[in-house]
Amino acid sequence: NNNRNNSASWILLEMLELHATDQGFAEGVALEWKNVCGVLVGTFLASACANTLNQMYEVTSDAKMTRTRVRPLPTGRLSLKAAGAFALLCGIAGTALLDTTGGHACAFLGVTNVVLYAGMYTPLKAMHPINTLVGAVVGAIPPLMGYAAGLHQHRQNPKHNEKNNNVSLLEQLNELMRCPAAMLLGSWLLLWQIPHFHALAFVLRADYAAGGIRMLAVTNPTLNARLSLGVCAVMMPLGIAAEREGMCVQPFGAIASVMTAGMLYKAYNFARFPLDIAAARSLFRVSISYLPAVLSLMVFLRHLYPESLPMISKTESVSRLGISAVDDDDDELGKRVRSFAYDQQDRVCVEIGDSSS
């Protein structure tokens, strides 16, 4: 559980920078670090709420497992009442902070993640191996929260029309779902978690069996390893897809593909020897380094070659000239930039305000 939430925090941090950078270059808006920090803290609090609820539910099973029996609740160092109060406080504070700094859609996704984690993933762990898939959905939501927060900051730009600042929750979610980059990265995170947690589950399968946790590594270790291999194969084209969607520039696609191939090779070894704990541990270790390496490479290349990204070079040059291209329809250069923005809207998830003339 701690591994899942730590990964989510790291992913959200990366996504906030990626999306806020997109928005900043597209509209000439300075990065609002107070909002970034607010969303990160809000996410941390929501994660703390979900994790606490999870441990409250699993007191009995945690007491049976070596790695969890020393937690505060199984040992009696903390009462259920105190844990419940802590979870409630973190949940309320986290949701309020996400709503204030990241917008309604970001807060909604945060609450949804708490419900999925504590209300579905946690009880399913003792019922069916599909719990891993539900947990993967939980891990895929934080990057969407980062995009939602970036879109919210974009809408709060004073240059926007009033109607663009009063967007309903459903409209915000629809806008987010229509963003190919957000969906691609969310899918990447969802897929990555399958081999990552399948490998970890096999390493800890004895503990999970003792605690009554229904992991696929316990019930069907061969299928557990084969699914890891299959999902890694599906991940192979994602680097090229991210490059084509304008999320990054060359040679990101090629390098990410090589990284994924390395993870695929480890998954192949795991599938060949599904009962070999060394093969499982090797895949798990590679998966841990894979995700931060891919995201860090994306950030690095975006900052190294910002002029190569869609929208950036054109709108940045306008911003440097001090021309409000998106607000002044009477300016010919402004009209050209606006037209280009609409053409690229789906690729960079930028929505330019309608003409007020």
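Note on numbering: residues in each chain are counted from 1, in written sequence order. Totals for whole chains, interfaces and linings use every residue, but because this is a predicted model, local features are given only for residues with pLDDT of at least 70 and side-chain atom pairs only at 80 or more, for both listing and counting. Values reported for side chains reflect all heavy atoms of the structure, with hydrogen atoms and water molecules removed beforehand.

Caption draft 1: The arrangement of the overall build of the protein chain in detail. Only DSSP runs of H or I reaching four residues or more are called helices, and only runs of E reaching two or more are called strands; each is numbered from the N terminus. In terms of regular secondary structure, the protein chain is built from 19 helices and 0 strands. Every one of the 357 residues in the protein chain was classed for burial, and the buried ones make up 52%. Contacts are assigned to residue pairs that have any heavy atoms within 4.5 Å of one another. Intrachain contacts of the protein chain at a sequence separation of at least 6 include 75% that bridge at least 24 residues. For the area figures, the Shrake-Rupley method with a 1.4 Å probe applies, and any residue is considered shielded solely by the protein chains shown. Of the roughly 15,800 Å² that the protein chain leaves accessible, carbon and sulfur atoms contribute 62%. Summary of the burial criterion: residues with accessible area below 20% of their type's maximum are buried, those above 50% are exposed, and those between are partly exposed, where the area comes from a 1.4 Å probe applied to protein chains only.

Caption draft 2: Quick peek at helix 6 (residues 104–124). Expected span of a helix: the number of residues minus one, times 1.5 Å. Taking 1.5 Å as the rise per residue, helix 6 with 21 residues should run 30 Å; its terminal C-alpha atoms sit 29 Å apart, in good agreement. Fitting axes to the seven residues ending at a residue and to the seven starting there, one defines the bend at that residue as the angle between these axes. Along its length, helix 6 reaches its greatest deviation from straightness, about 30 degrees, at leucine 116.

Caption draft 3: Spatial organisation of the packing of aromatic side chains. Two rings from Phe, Tyr or Trp (for Trp, the six-membered ring) form a pair when their centres sit within 6.5 Å of each other. Planes less than 30 degrees apart are called stacked, planes more than 60 degrees apart edge-to-face, and all others tilted. Tallied over the full model, the rule gives 3 aromatic pairs. Pairing tryptophan 188 with phenylalanine 252 gives two aromatic rings, centres 6.3 Å apart and planes at 65 degrees, and the pair type is edge-to-face. Taken together, the residues tryptophan 188 in helix 10 (residues 180–203) and phenylalanine 252 in helix 15 (residues 252–272) connect sequence positions 64 residues apart. Residue classification places tryptophan 188 among the buried residues on the basis of a relative accessible area of 2%. Ring plane angle 65 degrees and centroid distance 5.9 Å describe the contact between phenylalanine 202 and phenylalanine 270, whose orientation is recorded as edge-to-face. Residue phenylalanine 202 is located in helix 10, and its partner phenylalanine 270 is located in helix 15; the two are separated by 68 residues in the primary sequence. Accessibility classification places phenylalanine 202 together with phenylalanine 270 in one group, the buried group.

Caption draft 4: Spatial organisation of the environment of cysteine 49. One can find cysteine 49 in helix 2 (residues 33–57). For the pair cysteine 49 and valine 111, spaced 62 residues apart in sequence, the C-alpha to C-alpha distance is 10.0 Å. In contact with cysteine 49, other than residues within four places in its own chain, are Ala87, Cys90, Gly91 and Val114.

Caption draft 5: Examining the pattern of salt bridges more closely. Criterion for a salt bridge: a side-chain nitrogen of Lys or Arg within 4 Å of a carboxyl oxygen of Asp or Glu. Counted according to the given criterion, the structure contains 2 salt bridges. Across the salt bridge formed by glutamate 58 and lysine 125, the nearest N and O atoms sit 3.1 Å from each other. Here glutamate 58 is found in the loop between helix 2 and helix 3 (59–64), whereas its partner lysine 125 is found in the loop between helix 6 and helix 7 (131–155), with 67 residues between them in sequence. Pair check on accessibility: glutamate 58 and lysine 125 agree, each one buried. With a shortest N-O distance of 3.0 Å, aspartate 62 and arginine 71 are connected by a salt bridge. For aspartate 62, a relative accessible area of 0% corresponds to the buried category.

Caption draft 6: Spatial organisation of the nonpolar core. As used here, the term nonpolar core means buried Ala, Val, Leu, Ile, Met, Phe, Trp, Tyr and Cys residues forming a set that is joined through side-chain atoms within 4.5 Å. Core analysis: the largest hydrophobic core is formed by 76 residues, its most contacted members being Leu176, Trp188, Met235, Met247 and Phe252. With 14 residues, helix 10 is the largest single contributor of residues to this core.

Caption draft 7: Representation of the side chain of histidine 152 within the structure. As for its placement among the helices and strands, histidine 152 is situated in helix 7. Among residues more than four places away in sequence, those in contact with histidine 152 are Thr100, Thr101, Gly102 and Gly103.

Caption draft 8: Layout of the confidence of the model for the protein chain. The pLDDT score gives, residue by residue, the confidence of the prediction method on a 0 to 100 scale. Per-residue confidence for the protein chain gives a mean pLDDT of 78; residues scoring 70 or more make up 74%. Below a pLDDT of 50 lies the segment residues 1–30, which in the model reaches 89 contacts outside its immediate sequence neighbourhood of four places, other chains included. Predicted confidence for residues 311–357 stays below pLDDT 50, and this span has 77 contacts to residues more than four positions away or in other chains.

Caption draft 9: Up close: the packing of helix 10 against helix 16 (residues 277–304). For helices, the axis comes from a line fit to the C-alpha atoms of the stretch in contact; other axes are also lines fit to C-alpha atoms, and the angle between any two N-to-C directions lies between 0 and 180 degrees. Between helix 10 and helix 16, whose axes approach to 8 Å, the crossing angle comes to 155 degrees. On the basis of their axis angle, the class for helix 10 and helix 16 is roughly antiparallel. Seen along the crossing, helix 10 lies across helix 16 with a hand that is left-handed. Seen from helix 10, the contacting residues are Leu185, Trp188, Leu189, Trp192, Pro195, His196, Ala199, Leu200, Phe202 and Val203; seen from helix 16, they are Ile277, Ala280, Arg281, Leu283, Phe284, Ser287, Ile288, Tyr290, Leu291, Val294 and Leu295. Roughly parallel refers to an angle under 35 degrees, roughly antiparallel to one over 145, roughly perpendicular to one between 65 and 115, and oblique to any angle outside these ranges. Left-handed is the label given to a crossing in which the near helix is rotated counterclockwise from the far helix by less than a right angle, and right-handed is the label when the rotation is clockwise.

Caption draft 10: Expanded view of the environment of glycine 212. Looking at the element boundaries, glycine 212 is found in the loop between helix 11 (205–211) and helix 12 (216–219). Taking the C-alpha atoms as reference, glycine 212 lies 8.9 Å from methionine 127; in sequence the two are 85 residues apart. Other than its neighbours up to four places away in sequence, glycine 212 contacts Lys125 and Ala126.

Caption draft 11: Expanded view of helix 15. Its 21 residues place the ends of helix 15 30 Å apart at the C-alpha level, agreeing with the 30 Å of an ideal helix rising 1.5 Å per residue. If you check which residues of helix 15 are buried, you get Phe252, Gly253, Ala256, Ser257, Thr260, Met263, Ala267, Asn269, Phe270 and Ala271. If you follow the buried residues of helix 15, they end up packed against helix 10, helix 13 (221–235), helix 14 (238–244) and helix 16.

Caption draft 12: Unusual backbone geometry, seen in detail. Residue proline 251 is bonded to the preceding glutamine 250 through a cis peptide linkage, with omega at 10 degrees. The residue proline 251 is located in the loop between helix 14 and helix 15 in this model.

Caption draft 13: Fine view of the packing of helix 2 against helix 6. It is at 9 Å that the axes of helix 2 and helix 6 come closest, and there the two elements cross at 20 degrees. Comparing their axes, helix 6 and helix 2 come out roughly parallel. Both helix 2 and helix 6 take part in a crossing whose hand is right-handed. Residues Val39, Ala46, Cys49, Ala50, Asn51, Leu53, Asn54 and Tyr57 of helix 2 pack against Cys106, Val114, Tyr117, Ala118, Thr122 and Pro123 of helix 6. For the contact of helix 2 with helix 6, the class distribution of residues is 11 nonpolar, 3 polar and no charged. For this classification, the nonpolar set comprises Ala, Val, Leu, Ile, Met, Phe, Trp, Tyr, Cys and Pro, the charged set comprises Asp, Glu, Lys and Arg, and every other residue, Gly included, is treated as polar.

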